[in-house]
Amino acid sequence: MTRLIIVLSLIFWPLSLFLANTVGDFVKYFFPVLLLILSWQLFKKNNSLFLWPTLLIPFFEPKLAVLPLLLGVMNLKRHWLFIGATAIVLAFNFKAFWGQTIFKADYEAQQEIIGKSYLYPNVPLARLFQNKGRIYVNKFTANFLALSDPNNYFFGFHPREIKVDNQNLRKFPFLGIMFMLLGFYYLAQLPQKKFVMVLLTASFISLTVLNIFDRHDVILWLPLSILYIHGVKEFSTKKWWWHRLNRGFYVVFIIFTVWELIRLFL
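The rules behind these values
- Residues numbered from 1 in each chain as written.
- Predicted model: local features only at pLDDT ≥ 70, side-chain atom pairs only at ≥ 80, totals over all residues.
- Heavy atoms only, no water.
- Helix = DSSP H or I, 4+ residues; strand = E, 2+ residues; numbered from the N terminus.
- Polar contact = N/O pair within 3.5 Å; in protein donor to acceptor, adjacent residues only side chain to side chain.
- Contact = heavy atoms within 4.5 Å.
- Phe/Tyr/Trp six-rings, centres within 6.5 Å; stacked < 30°, edge-to-face > 60°.
- Buried < 20%, exposed > 50% of the residue type's maximum accessible area, 1.4 Å probe, protein only.
- Salt bridge = Lys/Arg side-chain N within 4 Å of Asp/Glu carboxyl O.

A. Quick look at the side chain of Ser206. By secondary structure assignment, the location of Ser206 is in helix α13 (residues 193-208). In this structure the side chain of Ser206 is engaged in a polar contact, spanning 2.8 Å, whose partner is the backbone oxygen of Ala202. Once you skip the residues sitting within four places of it in the chain, Ser206 turns out to touch Val66, Leu67 and Leu70.

In structure tokens form, the structure reads like this:
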């Protein structure tokens, strides 16, 4: 039954992405995930070249050009050649990457800052609280809070859906939030936990600096899915005080999850 729960849960995000976009767009957004899966499989086999598949990501999606470099830096040991290669690839794709980040010049945001500066009684206070640096801080903070919000992953950002810039996809079934929390809680028992956390952190940073991270955030599907599966396994093996009721919970979970999947097609 746990395998059925895992399959039903992990299909949510890819299926939501597929149904909300054209086939071509789905392939474009999901292909980096396939490269990350290949890297993950090589890592589990102790292959020293496990990071190299991610070097192809910037050629398919320049927005994620910084991701391989972050992975190389965070896995610094014995990966200097890879780091050098990623730096060259980033330089090659830098113009396309930079134009999609929060650091690109934003005329409207600058005019808004200038307008707010007149609300302060003197120039020093205005420059302290309303300056160009505030533009980047505000965008970074907004992305960070959105990407770290559980509503993003289990409730499609409901009830405060992001308009225009986000499809507000359903990524995991809402009852699965318990499994995800367990996965993080028992992280120490997760095999290859270092790779998972490095991938999660590098992906998170890569998305946070983007002007619009919608759909590209599917790269988080792999590390979050690994943690989710870990949470399911921990739930099924631990001697909880409600252990005798876990099968009943599984039945309820499957019923609600199947209904949520059906709603994706409606």
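B. Looking closely at the packing of aromatic side chains. Tallying each qualifying case throughout the model produces 30 aromatic pairs. Each ring, one from Trp98 and one from Phe103, has its centre 5.4 Å from the other, and the planes form 20°; the classification is stacked. We classify Phe103 as partly exposed; its relative accessible area is 33%. On the basis of an interplanar angle of 75° and a centroid distance of 5.9 Å, the ring pair of Phe179 and Phe249 is categorised as edge-to-face.

C. Structural view of the pattern of salt bridges. Tallied over the entire structure, the rule returns 4 salt bridges. With its nearest N and O atoms 3.8 Å apart, the salt bridge here joins Glu61 to Lys28. With Glu61 in the loop between α4 (57-60) and α5 (66-74) and Lys28 in helix α3 (residues 23-44), the pair connects residues that are 33 residues apart, well separated along the chain. Of the residues examined, Glu61 reaches a relative accessible area of 6% and is grouped as buried. Residue classification places Lys28 among the partly exposed residues on the basis of a relative accessible area of 38%. Residue Asp214 is joined to Arg215 by a salt bridge in which the shortest nitrogen-to-oxygen separation is 3.6 Å. For Asp214, a relative accessible area of 7% translates into the label buried. The exposure class of Arg215 is partly exposed, given its relative accessible area of 22%.

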